[in-house]
Amino acid sequence: MVPEYAKLGGHGLAFTLCSSKYLSGFPSQYLGVLNATDNGNSTDHIFAVEFDAVKDLEFGDIDDNHVGINLNSMVSNASPSAAYFLENSTKQELMLRSGRMIQAWIVYDSATN
């Protein structure tokens, strides 16, 4: 994520799977996924992986640099600080607002989950 203004940055981005191709999401803390009215509505059927660069207290964010798994809500069901692992299993912090290219992939196994 490359911020428009170096010291400000944006809220982040989210990859989503949902039952509709039309989302009524707001920008900023809602990452374009949901809005204040839809947030937490179980009929939305939304799964999102968020790359969040702002700590939003209203959503219980753990910090201003985390990856969250969200189900029908901007409150993450799981959200570790952004990091990656080296080949020797050493954990390395990953700064989402660094402006550097980041390659990420999402793997989901429906047979076990």
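Rules of the game
- Residues numbered from 1 in each chain as written.
- Predicted model: local features only at pLDDT ≥ 70, side-chain atom pairs only at ≥ 80, totals over all residues.
- Heavy atoms only, no water.
- Patch = residues over 30% accessible without salt bridge, like charges linked within 9 Å, V, L, I, M, F, W, Y side chains within 5 Å.
- Areas by Shrake-Rupley, 256 points an atom, 1.4 Å probe, with all protein chains shown as cover.
- Salt bridge = Lys/Arg side-chain N within 4 Å of Asp/Glu carboxyl O.
- Helix = DSSP H or I, 4+ residues; strand = E, 2+ residues; numbered from the N terminus.
- Buried < 20%, exposed > 50% of the residue type's maximum accessible area, 1.4 Å probe, protein only.
- Polar contact = N/O pair within 3.5 Å; in protein donor to acceptor, adjacent residues only side chain to side chain.
- Contact = heavy atoms within 4.5 Å.

(A) Summary view of a nonpolar patch on the surface. Together, L13, F15 and I106 line one region of the surface with nonpolar side chains, adding up to about 270 Å² of accessible area. One can find F15 in strand β1 (residues 12-18). For F15, a relative accessible area of 46% puts it in the partly exposed group.

(B) Spatial organisation of the side chain of N35. Within the secondary structure layout, N35 lies in the loop between β1 and β2 (46-52). Here the side chain of N35 touches T37 through a polar contact of 2.9 Å, landing on its backbone nitrogen. Excluding residues within four positions of it along the chain, N35 makes contact with S24, G25, F26 and Y30.

(C) Examining the environment of Y30 more closely. Tracing the backbone through its elements, the reader meets Y30 in the loop between β1 and β2. Once the C-alpha coordinates of Y30 and A14 are considered, the two residues, 16 residues apart in sequence, prove to be 9.4 Å apart. With sequence-adjacent residues up to four places away left out, Y30 is seen in contact with N35, A36, N39, E58, F59 and M74.

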